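Working through the structure, step by step
In case you want the letters, here they are:
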Amino acid sequence: MTKNIAVIRGDGIGPEIVEQAVKVLDRIGELYGHTFDYAETDMGGCAIDKWGDPLPEEMLHRCLNSDSVLLGAVGGERWNHVPGSMRPEKGLLKLRAAMGVYSNNRPAKIWPQLADASPLKKSIVDQGIDFIIVRELIGGIYFGEHRTEVTDGVETAVDILTYSENEIERIGRIGFETALKRNKKLCSVEKSNVLDSSRLWKKVMTRLSEEYPEVELSHMFVDNCAMQIVKDPSQFDVIVTENMFGDILSDEASMITGSIGMIPSSSLGAETCGLYEPIHGSAPDIAGKDMANPVGTILAAAMMLRFSFDMAKEADAIEQAVSDYLDAGYRTADIMSEGMKLVGCKECGTLITSYLTK
Ligand code: NAD
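Residues numbered from 1 in each chain as written. Predicted model: local features only at pLDDT ≥ 70, side-chain atom pairs only at ≥ 80, totals over all residues. Heavy atoms only, no water.

From N to C terminus, the protein includes twelve helices and 14 strands. Against the compact-globule benchmark of 21 Å for 358 residues, the protein has a radius of gyration of 20 Å, which places it among compact chains. Each principal axis of the C-alpha atoms in the protein carries an extent, and together these give about 55 × 50 × 40 Å. For the protein, the residues scored as buried account for 53% of the 358 residues in total. Relative to all contacts within the protein whose residues are 6 or more apart in sequence, the contacts with residues 24 or more apart total 75%. The distance from the centre of the 36 positive side-chain charges to the centre of the 54 negative ones in the protein is 3 Å. (Helix = DSSP H or I, 4+ residues; strand = E, 2+ residues; numbered from the N terminus. Rg over C-alpha atoms; globule rule 2.2 N^0.38 Å. Buried < 20%, exposed > 50% of the residue type's maximum accessible area, 1.4 Å probe, protein only. Contact = heavy atoms within 4.5 Å. Lys, Arg positive; Asp, Glu negative; His and termini not counted. Charge placed at Lys NZ, Arg CZ, Asp CG, Glu CD.)

As structure tokens, then:
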């Protein structure tokens, strides 16, 4: 099979981690007889430097014409001075919206080899951590109106949070469908004690639950959910929530599994073309030091094979290679512990590639 992948290396550690995922994909291609063609695509700070735009139209079309998009990360302090509408993150928001990828799927699963890397007590980790956050990705406050105004010398900033019934229903369905394929427990997270948008969210989720009688639906306020994720993560199977709540909760969830560097994500809409990326940012503090953990990006490539290219065996092979690499005691700095072998970003990619088998 031949697939065209738009590759966005981006900023900070982005180029280093994407390089490792490409290495893994190339080896998968050799082993399983596929050809992956890469369309190099500029987005984020590097695109601002080169083109004066975080996502020029030509680059956007490169993504829309591909079979899927693999992204490292964008952003960094260097571009903090540019106007809000031209920030590196705007490129990413524009890409998500243009691709129509409204459903962001972020697994929070602890690898048994990394139980010690979790900041939670062993007694809590031993209960098991294995849940998925389904986050709405192209609505809510990140996509509402943003403006700053000055009245009588006082600056006021406004960000508008809007959700329609239709937007809630389509992501709600993904939540129920995901739960159906797992342990059939869905927790809908909102702030309906304060926000109108959350009251609508809860109403739509409750209505939808009549169509999914096999799924046990619960409702939780976002502040309580933040607490429950560290107190008793084993209670969760699938969490469905809006854009900003999902952004924050999924970072928290990633940390309890050991490191933000280990977690991939997929973003899908109505098309099979998806956007695949690790959940972390461009980590400017470790960029260029060969210290980044590329596993989240490598696992994002595995998700791309599974969900967009229907290559389940190939995806399994990548996940197995990551497991073998951890079993052999290799660790990047973020998950390093006593008695383990410290490796850099490049060596991590090379080792995982070497563990790939057919
Ligand atoms: P971050 O995720 O980049 O970094 C948070 C911490 O985690 C840092 O200490 C970093 O070193 C560490 N870390 C992140 N990824 C790692 C990896 N693969 N291996 C080892 N350690 C890792 O978040 P931040 O510092 O808040 O943001 C930095 C920049 O990234 C900002 O400009 C932000 O806007 C941008 N950002 C981009 C995306 C994206 O491209 N999807 C997402 C989040 C943040």
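So that's the structure; there's more coming.
Applying the stated criterion to the full structure yields five aromatic pairs. Aromatic side chains Phe36 and Phe309 sit 6.5 Å apart centroid to centroid with 20° between the ring planes, which places their arrangement in the stacked category. Note that Phe36 is positioned in strand 2 (residues 35–40) and Phe309 in the loop between helix 10 (295–307) and helix 11 (312–327), a separation of 273 residues in sequence. A relative accessible area of 7% places Phe36 in the buried class. When the ring of Phe131 is compared with that of Phe236, the centres are 5.7 Å apart and the planes differ by 50°; the resulting orientation is tilted. Residue Phe131 is located in strand 5 (residues 130–136), and its partner Phe236 is located in the loop between helix 8 (222–231) and strand 10 (238–241); the two are separated by 105 residues in the primary sequence. A relative accessible area of 0% places Phe131 in the buried class. Phe236 gets classed as buried once you look at its relative accessible area, which sits at 6%. Residue placement shows Lys191 over the ring face of Phe221; its charged tip is 5.9 Å from the ring centre. (Phe/Tyr/Trp six-rings, centres within 6.5 Å; stacked < 30°, edge-to-face > 60°. Lys NZ or Arg CZ within 6 Å of the ring centre and 35° of its normal.)

Our next topic: the sheet that holds strand 9 (residues 216–221). Ordered in space as 2-1-3-12-11-4-5-10-8-9, the ten strands form an open sheet in which the pairing is mixed. The strands lining the two open edges of the sheet, one partner per strand, are strand 2 and strand 9. Direction aside, the axes of adjacent strands within the sheet are offset by 25° on average. Of the strand pairs in this sheet, strand 8 (residues 185–190) and strand 9 are connected by six bridges, and their pairing is parallel. Within strand 9, the residue paired with Leu186 across the bridge is Leu217. Together, strand 5, strand 8, strand 9 and strand 10 form the strand contacts of helix 7 (residues 196–209), whose direction differs from that of strand 8 by roughly 160°. Sheet strands in contact with helix 8 are strand 5, strand 8, strand 9 and strand 10, and its direction is about 105° off that of strand 9. (Pairing = 2+ DSSP bridges. Axes fitted to C-alpha atoms, helices over the stretch in contact; angles between N-to-C directions.)

Turning our eyes to something else, we now look at the pairing of strand 4 (residues 103–109). Of all the seven residues making up strand 4, five are buried; the element is thus mostly covered by neighbouring parts of the structure. Bridge count for strand 4 against strand 5 is seven bridges, and the pairing is antiparallel. Paired with Pro107 across the two strands is Ile132, which belongs to strand 5.

Further remarks concern helix 8. Those residues of helix 8 lying buried are Val222, Cys225, Gln228 and Ile229. For helix 8, the arc enclosing every buried residue in end-on projection is 110°, short of the 170-degree limit, so these residues lie on one face. Those residues of helix 8 hidden inside the fold are in contact with strand 5, strand 8, strand 9, strand 10 and helix 9 (243–256). (Arc of directions from axis to C-beta.)

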